[in-house]
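What follows is each chain in one-letter form.
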Amino acid sequence: MPLDTETGDFVVFDRVQKSYDGEILVVKDLNLSIGKGEFLTMLGPSGSGKTTCLMMLAGFETATHGEILLDGNPINNIPPHKRGIGMVFQNYALFPHMTVAENLAFPLEVRKMGKSDREAKVKRALDMVQMGDFGGRRPAQLSGGQQQRVALARALVFEPELVLMDEPLGALDKQLREHMQFEITNLAHDLGITTVYVTHDQTEALTMSDRVAVFDDGRIQQLAPPDILYEEPENSFVAQFIGENNTLGGVVETIENGVCTVKLDSGDIIDAKPVNVSKPGERTLVSIRPERVEFNKDRLQAGAHTLQAEVLEFIYMGDIFRTRLRVAGRDDFVVKTRNAPDQVRLKPGETIEIGWLPEDCRALDA
Amino acid sequence: MSDGPVLAADGTPLKRSLARALRREKMRAFLLVAPLLIFIMVTFVAPIADMLFRSVENNIVRDTIPRTVQALRSWDSNSDELPPEAAFSAFYTDLVFAEERKLHTRLGSRLNYEKTGMSSLFRKSGRRVGRFDTDEYSKAFTGLDAAWEDPATWNRLFATGNTAMPETSDTYATWRAVILENEDDPLAEEPWDVLFNALYRDLSNGNAFDDPLLSAAKAGLGSIEPVSIREQLVDVDEDWEDPEVWKTIQTYAASYTPGYFLNSADLQLTGEGVSARPENERIYIKLFQRTLFMSLVITFSCILLGYPVAWLLANLPARTANVLLILVLLPFWTSLLVRTSAWKVLLQQQGVINDILVWSGLIDDAGRLVMINNQTGTIIAMTHILLPFMILPLYSVMKTIPPSYLRAAKSLGATNWTAFWRVYFPNSVPGIGAGSILVFILAIGYYITPELVGGTQGVFISNRIAFHISSSLNWGLAAALGTILLAAVLILYWAYDKMVGIDNVKLGG
């Protein structure tokens, strides 16, 4: 997906803070710029401040400090209805007393658009989400997925340049959710609109976004495209929040040439890539993705450190095997292997040796 | 699969098996509700049924003066002539027994509802009926044969109910019953004048059977001066010469009458049919109109005052909302009388509000506002009292409207007002409906408050019903008015259901 940051900073959060009670900052010093046409996802656990950021952008919450700019103009004092931002709500917020077509016509009506224009636009928007035949229905007569499409069409029908989505797929079942993820991203890119998407579902964030902002504790922990986020997490929160992860605690022994050795709490020595450790003696958490663990010694570098591991559990999951190991005194170390014809199926009780490429093992903050 | 009915595991048809299983469950459900059901039947359904029945029931005329009713049946009330002497005589006989049983005043009161003056007419006639000149008959017959003085003679001749002398037999039977009711001995009691009157009439009509005593009496009939009952009655009161009096009796002779209902609609049943009551007696239509109008005003005031409060309640944080809710409910925990009396203190001409207005110079002392003992007082006090019934359903409906609706509307470009009016308000209409039905139905039948603060101009139909129940004792009319009120509520409910749909009414959830 094209990352189009050259078009400038369409939405800018400049040192934005937000507090509800005057004691606790829900959003601490947020700086973020979103390019025109970008699909940016705010990802984080609940209470991390992501929804508050979205609400400030939509105009339903005011920033306690700092400035929000939309296309270069400060919007702090513009009421929500004048911001021209489309929004899809968590539970769709379709108006139950109006038909689908009336729901879609509503934003056009309040913009004093003529009847024929209105009807044409409503029809186009409904066709866009494949709901052309449902204009006369009431929201209550639609399934969750259909309501979702209508809510999307309603947020887009008045052709806003910016669309906000607040966990729009939360109420759908898994299959429908995956399908809608695909549709929403396609639609957003086809129409070239800027999208800010809030979710706590990391899969959704990874599959849909141009960039993901991982929120925790009122701060952006990392802002990066999905692949970077997954493969090069900058701190242990991101590493653990995104995808599955094995972490081992230890102390840095040596750092040289971009590779460090870490002495684990169990006494074993391993190789790792220093990310936010700077000098020997520092405490660190190393993180290794389950699919990057290697137990075929031939694929490791010569002289690489290996660890003894005891197989505790072997789970057959169809496309992959998931093996739980006891490593360095911890018994929650997980390894994932692809279900290939030549793949070894480990048996519980077996003792094996595991290792990894130093760049796959990241030494992060403790 | 076989073609026969599906069978259960034990071989019985599945349908029967299912019915048996369901019956047991139904039985259990019924037993659970039975105590309440019985309670409601006894304390609610039965009284209402009785009330509905009372509004048309009219056995009193037929039961009290059966002979008169019978005699008037053939009388043409449109002829402008008085009923025949037979009817007067029948009335005399009826009145004698009714007076003895102390029933004539009740009948008088009943007929007084339909024609004023009937009550005093009956009371007066009852007082005088013992002194009618019919004792001439008694003296004459006793003069012919002293045996007539002996109750045993009467018993021998008429106790068998001889059809040859119907009037005498009939009168004797009633007389005997009356004597027995008084726990006296019919064989020891001296025969009354009314018996001799019947005897004279039967004999002069040629009705007799073979008995020496009767033959002798018949022979001596010519020497007896006939007594005109009509003249006797007219002597008591000239009104007995007025055909209208007899028309009223004839019109209300039936066991069931629409009279009470017609009365409730300011109409009356006369010999010529249904006609409007005299101008000065028409009050019920006006009262019904006033009741409906004021209930509507009260309902509307409740919506106006309650809607913002409910909105606030629904949108405040839970803790603040709970405090406010207690304030809303506070009136519920105060006695209705205390609240109404408080309004008296506030609203009267020497009351708090007027004093403040005078003190602040907004009105002068001579121009104190009249805010009580009129419609204003009733509307103010009842709006206050019924307000919680509007706020609570509104609140519970508004609670269910997600705040995201308003946000969505605003994000779509609607101003605050448009968002409220186009999105929030339509979703709160079921609450308005529920509250309005509740308030309106309560208001339409309200009694205590209008009674206390309504004066004469601010009273409702219910106050009139109470008056008829406890003061005028015209229960039939009270029942008819109550029935109309009940019907009005049901019709309004039905109309509301047709227009809005009762499914749209929510008390929450």
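All values reported here derive from a predicted model rather than from experimental measurement.

## Here's the deal with the overall build of chain B
Right, so step 1: Along the backbone of chain B there are 24 helices and two strands.
Right, so step 2: For 509 residues, the compact-globule estimate of 2.2 N^0.38 gives 23 Å, and the C-alpha radius of gyration of chain B, at 35 Å, exceeds that figure by more than 25%.
Right, so step 3: Along the longest, intermediate and shortest principal axes, the C-alpha atoms of chain B span 115 × 95 × 40 Å.
Right, so step 4: Looking at chain B residue by residue over its 509 residues, the buried ones come to 42%.
Right, so step 5: Contacts spanning at least 24 positions in sequence make up 70% of the contacts within chain B whose residues lie at least 6 apart.
Right, so step 6: Just so you have it, chain B exposes about 26,300 Å², and 61% of that area is on carbon and sulfur atoms.
Right, so step 7: Across chain B, the 43 positively charged side chains and the 51 negatively charged ones have centroids separated by 20 Å.

## With respect to the overall build of chain A
Right, so step 1: The number of helices and strands found in chain A is eight helices and 19 strands.
Right, so step 2: In terms of its C-alpha atoms, chain A occupies a principal-axis envelope of roughly 75 × 50 × 40 Å.
Right, so step 3: Counting only residues that meet the buried cut, chain A has 48% of its 366 residues in that class.
Right, so step 4: The long-range fraction of contacts in chain A, counting pairs at least 24 apart against all pairs at least 6 apart in sequence, stands at 66%.
Right, so step 5: With 39 positive and 55 negative side-chain charges, chain A shows a spacing of 5 Å between the two charge centroids.

## Let's talk about the domain arrangement of chain B
Right, so step 1: One can read the domain layout of chain B as domain 1 (11-54), domain 2 (64-131 + 229-280), domain 3 (135-223) and domain 4 (284-499).
Right, so step 2: Relative to domain 2 of chain B, the C-alpha centre of domain 1 of chain B lies at a distance of 47 Å.

## A short note on unusual backbone geometry
Residue and element names in this part refer to chain A.
Right, so step 1: Of note in the backbone geometry, Asp71 takes a positive phi value of approximately 55° without being a glycine.
Right, so step 2: Given a relative accessible area of 47%, Asp71 falls into the partly exposed group.
Right, so step 3: One non-glycine residue, Asn257, adopts positive backbone phi at about 55°.
Right, so step 4: Secondary-structure assignment places Asn257 in the loop between strand 11 (246-256) and strand 12 (259-264).
Right, so step 5: Residue Asn257 is classed as exposed on the basis of its relative accessible area, which comes to 79%.

## Considering the packing of aromatic side chains
Pairs of aromatic rings are described using the distance from one ring centre to the other and the angle between the two planes.
Right, so step 1: What the rule picks out here adds up to 33 aromatic pairs over all chains.
Right, so step 2: Ring geometry for Phe39 of chain A versus Tyr197 of chain A: centroids 5.7 Å apart, planes at 35°, classification tilted. You can see Phe39 of chain A sitting in strand 3 (residues 39-43) and its partner Tyr197 of chain A sitting in strand 8 (residues 194-199), a full 158 residues away along the chain. This pair shows no difference in class: Phe39 of chain A is buried, exactly as Tyr197 of chain A is.
Right, so step 3: Seen in terms of ring centroids, Trp240 of chain B and Trp246 of chain B are 5.3 Å apart; in terms of plane orientation they differ by 50°. Their pairing is tilted. The residues Trp240 of chain B and Trp246 of chain B share a single accessibility class, namely buried.
Right, so step 4: Within the aromatic cluster, the residues linked to one another by ring pairs are Phe141, Trp148, Trp154, Phe158, Phe196 and Phe209 of chain B.
Right, so step 5: The ring of Phe95 of chain A is capped by Arg154 of chain A, whose NZ or CZ atom sits 4.5 Å from the centre of that ring.

Basis of the calculations
- Residues numbered from 1 in each chain as written.
- Chains lettered and ligands numbered in written order.
- Predicted model: local features only at pLDDT ≥ 70, side-chain atom pairs only at ≥ 80, totals over all residues.
- Heavy atoms only, no water.
- Helix = DSSP H or I, 4+ residues; strand = E, 2+ residues; numbered from the N terminus.
- Rg over C-alpha atoms; globule rule 2.2 N^0.38 Å.
- Buried < 20%, exposed > 50% of the residue type's maximum accessible area, 1.4 Å probe, protein only.
- Contact = heavy atoms within 4.5 Å.
- Areas by Shrake-Rupley, 256 points an atom, 1.4 Å probe, with all protein chains shown as cover.
- Lys, Arg positive; Asp, Glu negative; His and termini not counted.
- Charge placed at Lys NZ, Arg CZ, Asp CG, Glu CD.
- Domains from an automatic or database assignment.
- Phe/Tyr/Trp six-rings, centres within 6.5 Å; stacked < 30°, edge-to-face > 60°.
- Lys NZ or Arg CZ within 6 Å of the ring centre and 35° of its normal.

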